[in-house]
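# What the coordinates show
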Amino acid sequence: MGKVRKTPIGEMHIVAPGVIVHRLDEGVSVTEADAAQVKRASEELAGGKPVVIVVDMRAVAFAGRDARDAFQEGAGGVEIGTALLTGMGFSEKLAGLFKRYSAPSRPVEIFQREAEAIAWAEAMLAEQA
């Protein structure tokens, strides 16, 4: 595991070159202000290089429309894709809402297994090379 960065809603770390995992805290409610801080943290960890972010949102309690829309644009132009890691319930529905209605500016996929999300992230990065 590489660099670690605490965010207002969880913790980010680099798991492979260009792949950041952001694990959200248990029961967190995500706000628009949180989104801005998360994007800044992502940019800092990326160091100006393209990244794919795997968001482990299985423990999220809520994220309103303003928070979801704040994540529409990727982090500072360096986020080339986002993998949303969900469970079978609420987090999966929330991920679907984000993908469907917030119209993210980069590829976004939903996964239930972390290894598959990371493999997708690495494949996206390989396509950019």
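Just above, that's the structure.
What counts and how
- Residues numbered from 1 in each chain as written.
- Predicted model: local features only at pLDDT ≥ 70, side-chain atom pairs only at ≥ 80, totals over all residues.
- Heavy atoms only, no water.
- Pairing = 2+ DSSP bridges.
- Helix = DSSP H or I, 4+ residues; strand = E, 2+ residues; numbered from the N terminus.
- Axes fitted to C-alpha atoms, helices over the stretch in contact; angles between N-to-C directions.
- Contact = heavy atoms within 4.5 Å.

## Things to note about the sheet that holds strand E1 (residues 4–7)
In spatial order, the strands read E1-E2-E3-E5-E7-E8; together these six strands make up an open sheet with mixed pairing. Each having just a single partner strand, E1 and strand E8 (108–111) make up the two edges of the open sheet. With direction set aside, neighbouring strand axes in the sheet form an average angle of 25°. Looking at chain direction, E1 and strand E2 (residues 10–16) are connected through four bridges and run antiparallel. When the sheet's bridge partners are listed, Thr7 is paired in E2 with Gly10. The sheet contacts of helix H3 (residues 90–101) involve strand E7 (79–85) and E8, and relative to E8 the element is tilted by about 165°. Its contacts with the sheet place helix H4 (residues 114–128) against E2, strand E3 (19–24), strand E5 (51–56), E7 and E8, and it is angled at close to 170° to E7.

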